[in-house]
Amino acid sequence: MCGIAGYLNFNPARAPEAIQATIARMNRRIAHRGPDDRGQWADPDNLCHLGHTRLSVLDLSAAGHQPMHSADGRYVISFNGEIYNYRNLRQQLEKLGHQFRTGTDTEVILAGFAVDGVDFFTVVDGMFALAIFDRETGITTLARDRAGEKPLYYAAGEGFLAFASELRALLEVEDLPVTLSEPALALYFTLRYVPDPDTILAPVKKLEPGCVLQVTRDGRQSLNRYYSFEIDQAHEVGPDKLGKYVDTLEEALSEALTDRLNADVPLGAFLSSGVDSALACALLAKKLGKTVKTFTIGFEGDPGSEHIAARDIATRLGTEHREHIFGAADFDRICGDIGKLLDEPNGDRSCVPTYLLAEFTRQHVTVAISGDAGDELFGGYSRYPAFAVAYDRDRSGRAPAMVQTYIERGLPVFAADAVREALPQGYEAVLDFYDRYASVFMHLGRPALHSLRQLDFRTYLPGAVLAKVDRMSMQHALEVRTPFLSPRMLGLAARAGLGLCWNGKMQKLALRHLLARYLPAPHVQAPKKGFGMPPSVFFNNQPRLEQELRLAHRRLSETRFFSARPGALDRLFRAAGNGINAIWATIVLAKWVDSVERPL
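The text that follows walks through the structure, step by step, so that each part is easy to find.

Definitions and limits used
- Residues numbered from 1 in each chain as written.
- Predicted model: local features only at pLDDT ≥ 70, side-chain atom pairs only at ≥ 80, totals over all residues.
- Heavy atoms only, no water.
- Helix = DSSP H or I, 4+ residues; strand = E, 2+ residues; numbered from the N terminus.
- Rg over C-alpha atoms; globule rule 2.2 N^0.38 Å.
- Contact = heavy atoms within 4.5 Å.
- Areas by Shrake-Rupley, 256 points an atom, 1.4 Å probe, with all protein chains shown as cover.
- Lys, Arg positive; Asp, Glu negative; His and termini not counted.
- Charge placed at Lys NZ, Arg CZ, Asp CG, Glu CD.
- Polar contact = N/O pair within 3.5 Å; in protein donor to acceptor, adjacent residues only side chain to side chain.
- Salt bridge = Lys/Arg side-chain N within 4 Å of Asp/Glu carboxyl O.
- Buried < 20%, exposed > 50% of the residue type's maximum accessible area, 1.4 Å probe, protein only.
- Axes fitted to C-alpha atoms, helices over the stretch in contact; angles between N-to-C directions.
- Parallel < 35°, antiparallel > 145°, perpendicular 65-115°, else oblique.
- Left-handed = near helix turned anticlockwise from the far one by under 90°.
- Nonpolar A, V, L, I, M, F, W, Y, C, P; charged D, E, K, R; others polar.
- Pairing = 2+ DSSP bridges.
- Phe/Tyr/Trp six-rings, centres within 6.5 Å; stacked < 30°, edge-to-face > 60°.
- Core = buried A, V, L, I, M, F, W, Y, C linked by side-chain atoms within 4.5 Å.
- Arc of directions from axis to C-beta.

Our focus in this paragraph is the overall build of the chain. On a plain count of helices and strands, the chain comes out with 26 helices and 19 strands. A globule of 600 residues ought to have a C-alpha radius of gyration of about 25 Å, and the chain, at 23 Å, matches this closely. Taking the contacts inside the chain whose residues are at least 6 apart along the sequence as the reference set, 74% of them involve residues at least 24 apart. Carbon and sulfur atoms form 49% of the exposed surface of the chain, whose accessible area is close to 22,100 Å². Computed over 68 positive and 72 negative side-chain charges, the inter-centroid distance for the chain is 3 Å.

A few words now on the side chain of S273. Its location among the elements puts S273 in the loop between β15 (267-270) and α7 (275-287). Polar contacts involving the side chain of S273 include one to the side chain of E306, which spans 2.6 Å. In contact with S273, not counting residues within four places along its chain, are E306, A309, A310, I313 and K529.

A few words now on the pattern of salt bridges. A full pass over the atoms with the stated rule returns 41 salt bridges. For the salt bridge of D470 with K150, the shortest nitrogen-to-oxygen distance reads 2.5 Å. With D470 in helix α17 (residues 460-474) and K150 in the loop between β7 (140-144) and β8 (153-157), this residue pair connects regions lying 320 residues apart in the sequence. Note on accessibility: D470 and K150 belong to one class, buried. Through salt bridges with shared partners, one network takes in R25, R29, E172, E174 and E597.

Now for the packing of helix α23 (residues 542-557) against helix α26 (residues 580-595). For the pair α23 and α26, the least separation of the axes is 9 Å and the interaxial angle reads 50°. Between α23 and α26, the angle falls in the class oblique. For α23 against α26, the interelement crossing comes out left-handed. In this structure, α23 contributes L545, E548, L549, A552, R555 and L556 to the contact, and α26 contributes I583, W584, T586, I587, L589, A590, K591, V593 and D594. For the contact of α23 with α26, the residue count by class is 10 nonpolar, one polar and four charged.

Bridging between strand β2 (residues 37-42) and strand β3 (residues 48-54) involves six bridges; their strand directions are antiparallel. Bridge assignment links W41 to a residue of β3, and that residue is L50.

In this fold, R14 is placed in the loop between β1 (2-9) and α1 (16-29). For R14, a relative accessible area of 16% gives the class buried. A polar atom in the side chain of R14 sits 3.1 Å from the backbone oxygen of G159. When sequence neighbours within four positions are dropped, the list of residues in contact with R14 reads Y7, N9, I19, N46, E158, G159, F160 and D175.

Moving on: the packing of aromatic side chains. In the structure shown here, the tally under the stated rule is 22 aromatic pairs. Aromatic pair F121 and Y226: ring centres 6.1 Å apart, planes at 40°, arrangement tilted. Separated by 105 residues along the polypeptide, F121 in the loop between α3 (105-116) and β6 (126-134) and Y226 in the loop between β14 (221-225) and α6 (242-259) bring together distant segments of the chain. Look at Y384 and Y406: their rings are 6.4 Å apart centre to centre, the planes differ by 40°, and that puts the pair in the tilted class. With Y384 in helix α12 (residues 384-393) and Y406 in helix α13 (residues 399-410), this pair connects stretches of sequence that are 22 residues apart. No difference in accessibility class separates Y384 from Y406, as the two residues are buried.

A word on the nonpolar core. In this structure, F189, I200, F441 and W584 are the most contacted members of the largest nonpolar core, which totals 190 residues. When residues of this core are assigned to their parent elements, the largest contribution, 10 residues, is made by α26. In this structure F441 touches F387, Y391, A399, M402, V403, S451, L452 and L455, once residues within four positions along its chain are discounted. One finds L50, A131, L152 and L161 within the second-largest nonpolar core, a separate group that totals 19 residues.

By the burial criterion, the buried members of α12 are Y384, P385, F387, A388 and Y391. Take α12 and look down its axis: the buried residues cluster within an arc of 165°, on one side only. Residues of α12 that are exposed and point over 90 degrees away from its buried face: A386 and R393. Looking at the buried residues of α12, the elements they touch are α11 (374-378), α13 and α16 (448-458).

Time to look at the sheet that holds β3. Strand order in the open sheet formed by six strands is β2-β3-β1-β9-β8-β12, and the pairing between neighbours is antiparallel. Two strands bound the open sheet, and with one partner strand each, they are β2 and β12 (205-206).

Turning our attention to the pairing of strand β9 (residues 160-164). Counting buried positions along β9 yields five of five residues, so the element is predominantly enclosed. Side chains of β9 alternate between two faces, with F160, A162 and A164 and L161 and F163 buried alike. Across five bridges, β1 lies against β9 in antiparallel orientation. Looking across to β9, one finds that A5 is bridged to A164. Here β8 runs beside β9; their pairing, made up of five bridges, is antiparallel.

Remember that the coordinates give geometry; whether it matters functionally is a separate question.
In structure tokens form, the structure reads like this:
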């Protein structure tokens with residue numbers, strides 16, 4: 001995995017040496033994403049400047065150095081990600097006469113883009129964020145993968161547009177003024193993350209998943225979407241076809257795993273007691289016959305800790321298993337650093353154990369397979385059933401209100417009244433968020449569970465889950481690959497009927513039927529457990545949390561933003577009460593603000 005950076009200059013008078021110095025600072029800021037190599041390129045016309053930091057996973061030679069030029073020199077790319085079907089794509093391109101100089105997937109992207117332009121992204125199976133500069137037309141293309149596994153931030157300033165893999169890299173652009181965004185803060189206190197395309201800092205934006213942004217030589221922007229996850233009821237598979245569907249699912253997931261095993265470095269897999277990671281490990285070990293290194297985190301003193309069940313799964317699958325028990329010392333260490341570890345505030349409680357899992361795993365491997373996205377794709381979250389039943393029983397409410405009800409009851413952070421009173425001008429963004437995604441509830445006769453799957457795929461998955469995994473893993477230069485997000489798996493999930501996701505008693509029915517081919521009933525039927533820090537961690541560290549909350553109030557009150565809004569912070573702190581989600585989200589925000597080297 002890697003980091004990318006870039007600066008598009010629309011002011012001919014701006015010194016290229018100054019821009020290259022900016023690119024160098026941006027590269028240093030994201031060096032943890034790519035510790036193996038670093039590169040810069042400057043367009044002779046002083047229009048496009050690119051930077052890159054490399055984590056070598058494929059073709060470890062110097063031939064994989066970036067930014068990379070196409071064979072004819074027309075295109076230059078800075079690429080972060082992995083393309084899993086690049087060998088097949090390469091073969092197709094070779095039939096068209098293309099000759100390749102390296103064994104990298106990066107060169108395949110350059111060749112494919114030269115042939116098909118942005119349409120090439122529709123046939124790519126991979127996770128990526130990239131920038132391609134066309135030296136002939138002066139157009140720069142920014143693109144992001146279907147689900148948002150890899151991040152891409154950008155911001156327009158006076159006579160320029162800068163972009164990077166991480167928000168903090170853009171803070172190295174000295175002529176980019178930034179401020180805390182009231183709309184983004186209102187969204188954060190509602191969702192515990194800031195959803196695409198917004199960021200916590202104005203005017204910075206995130207490129208949305210499945211989108212392409214093209215920028216002309218004079219700074220005009222054109223944004224287009226090439227992928228959107230849509231439930232396909234016209235071709236829905238019902239419970240009467242469960243057996244055949246599970247056969248196809250096994251084939252597709254095995255294919256995705258095989259593609260994601262391609263690496264020239266050591267590889268392992270995350271393993272919890274959950275269905276998704278257990279299924280990925282089971283197929284790797286039993287279906288594909290691989291020797292699998294598995295890694296698990298447990299929680300000291302928590303009776304619900306997953307590590308014991310994960311250990312039994314590993315034994316049954318015959319994996320080389322390692323586990324780490326999360327203790328008070330871990331909480332103390334990571335809690336103290338959580339602000340600077342997160343590129344952008346993320347109040348999801350699982351960020352801390354994810355960081356520790358990545359740190360622990362990276363001691364042994366460079367690439368890890370994960371089970372992320374199984375819940376969104378196949379309806380696995382425990383919050384789904386009650387809401388789905390209530391909505392299907394009474395469809396009289398307006399669609400935006402359905403989104404609001406789900407967010408406030410299923411993913412509670414701060415109460416709506418508290419956010420509205422504290423940030424009245426920003427709360428409009430929350431209402432806009434509800435309106436934007438109301439369409440998922442506007443399909444006549446469609447079960448609510450399908451709407452929730454689609455809503456979470458578009459919002460919670462990229463905004464909280466994948467962002468957390470990317471930032472925490474890349475702090476340790478660990479590449480995480482997600483087989484559930486292959487195009488074929490996405491297509492199968494889109495066609496999964498209600499009876500394949502939930503039978504009124506059990507969720508993720510199709511996945512559990514597949515897992516039953518490899519593990520006994522207790523593991524197959526086990527209820528979902530979240531990976532977030534359990535309440536016991538907070539109870540055991542109550543004095544530390546109280547201290548951190550006091551420090552959070554003081555630090556936030558010192559910002560220019562809250563200093564200009566007297567009373568706003570007190571309203572939020574009173575509303576936080578004893579709510580774990582609200583308290584943790586507030587502490588994370590304060591620590592993040594404290595870690596930013598610019599006044600906010």
